[in-house]
Structure formats: C-alpha cells, structure tokens
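# A closer look at the structure
One-letter residues, chain by chain:
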Amino acid sequence: MALPSAWSVMRVAIPFFSVVSLLSMRLVGASQDSGSVIPAESRPCVDCHAFEFMQRALQDLKKTAYNLDTRTETLLLRAEKRGLCDCFHAVH
C-alpha cells in the first residue's frame, strides 16, 4: 500500500489544526468573559432554540421542495412540448 505524499497530508493537516486552534481560542475567550453572564431567567431555553432551528430548517425544506416541484413541472412541460413539436414535424 502506498503511503500518502507529504503534500496530501499537509492539505488535510493544516485546515484541521486551524479549526482546532480557532475552537480552543474561542473556548479560552468564553471562559474569560465570565463577567457578562446573562441570567437564566432572560435566556431562552434549549428547547426553544431547538424549536426555532427546526422551524427554520422546515421552512428551508419547504422552499427547496417548492423550487424542485416548480423546476420539475417546467422540465416536464418542456419535454411534452418538444414531443408534440417532433410529432407535428413528422406528420407534415
């Protein structure tokens, strides 16, 4: 089995270490901002966030489904028109 080249290893390693370093910096920064804690009473609960996320995801899916449905209908009409035109030219 051939070993991966140094270039292919670096293409994977550099983004991986960049993401890890950014996440660790974010965690360190979050622990230093302990003076600006929002009281639990004014924060929405986790279930509310999950519900809002799922609601947005459902809206996006509905838009995508509508767009696909419209595109499919357009392509079907175009195919039917092409078929009719081909039959018309074959008869005349």
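So, here's what we can say about the structure. (Residues numbered from 1 in each chain as written. Predicted model: local features only at pLDDT ≥ 70, side-chain atom pairs only at ≥ 80, totals over all residues. Heavy atoms only, no water.)

With that settled, the discussion passes to the overall build of the protein chain. For the protein chain, the count of helices and strands is 2 helices and 0 strands. Expressed as a percentage of the 92 residues in the protein chain, the buried residues total 1%. Only carbon and sulfur atoms are counted for the fraction: they give 68% of the accessible area of the protein chain, which is about 8900 Å². (Helix = DSSP H or I, 4+ residues; strand = E, 2+ residues; numbered from the N terminus. Buried < 20%, exposed > 50% of the residue type's maximum accessible area, 1.4 Å probe, protein only. Areas by Shrake-Rupley, 256 points an atom, 1.4 Å probe, with all protein chains shown as cover.)

The next subject is a nonpolar patch on the surface. Judged by side-chain polarity, F16, F17 and V20 come together as a nonpolar surface patch covering roughly 320 Å² of accessible area. One can find F17 in helix α1 (residues 6-32). Among the residues examined, F17 registers a relative accessible area of 53% and is labelled exposed. (Patch = residues over 30% accessible without salt bridge, like charges linked within 9 Å, V, L, I, M, F, W, Y side chains within 5 Å. Salt bridge = Lys/Arg side-chain N within 4 Å of Asp/Glu carboxyl O.)

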